[in-house]
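Examination of the molecular architecture
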Amino acid sequence: MIFKVLYQESPTEVPVRERTKSLYVEADSDRDARKKLAARKLNIEYIHPLDEAQLAYEKRSEDFKVEEL
């Protein structure tokens with residue numbers, strides 16, 4: 001399953017919407033996605049599982065790339 005992860009780059013700063021970034025991860029669950037991203041020291045705000053329609057929409061973006069973890 002593909003998950004969209006919304007995060008802040010700095011784990012020590014207060015989250016600010018304008019600095020929120022996203023990435024895409026293939027994982028079995030949101031817990032598995034968190035484990036895979038743990039080494040990156042990100043301030044993860046939200047992990048959203050993408051269904052078929054949402055995934056098709058996200059793939060239209062030129063920024064869509066599933067992270068290799």
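Remember, predicted model here, so these are calculated numbers, not experimental data. (Residues numbered from 1 in each chain as written. Predicted model: local features only at pLDDT ≥ 70, side-chain atom pairs only at ≥ 80, totals over all residues. Heavy atoms only, no water.)

Per the secondary structure count, the protein chain includes 2 helices and 4 strands. Counting from the amino terminus, the protein chain carries its helices and strands in the arrangement β-β-α-β-α-β. Taking 2.2 N^0.38 as the reference for a compact globule, 69 residues should give roughly 11 Å; the C-alpha atoms of the protein chain span a radius of gyration of 12 Å, in line with that estimate. Counting only C-alpha atoms and orienting by the principal axes, one finds that the protein chain spans roughly 35 × 25 × 15 Å. Expressed as a percentage of the 69 residues in the protein chain, the buried residues total 28%. Relative to all contacts within the protein chain whose residues are 6 or more apart in sequence, the contacts with residues 24 or more apart total 58%. About 5,200 Å² of surface is accessible on the protein chain, with carbon and sulfur atoms providing 47% of the total. Of note, the protein chain has its 13 positive side-chain charges centred 4 Å away from the centre of its 15 negative side-chain charges. (Helix = DSSP H or I, 4+ residues; strand = E, 2+ residues; numbered from the N terminus. Rg over C-alpha atoms; globule rule 2.2 N^0.38 Å. Buried < 20%, exposed > 50% of the residue type's maximum accessible area, 1.4 Å probe, protein only. Contact = heavy atoms within 4.5 Å. Areas by Shrake-Rupley, 256 points an atom, 1.4 Å probe, with all protein chains shown as cover. Lys, Arg positive; Asp, Glu negative; His and termini not counted. Charge placed at Lys NZ, Arg CZ, Asp CG, Glu CD.)

Counting residues in each nonpolar core, the largest one holds 11 residues, listed as F3, V5, Y7, L23, V25, A27, A33, L37, L42, I44 and I47. Counting residues per element, this core draws most heavily on strand β1 (residues 2-8), which supplies 3 residues. Apart from the residues within four sequence positions on either side, I47 is in contact with F3, K4, V5, D30, A33 and R34. (Core = buried A, V, L, I, M, F, W, Y, C linked by side-chain atoms within 4.5 Å.)

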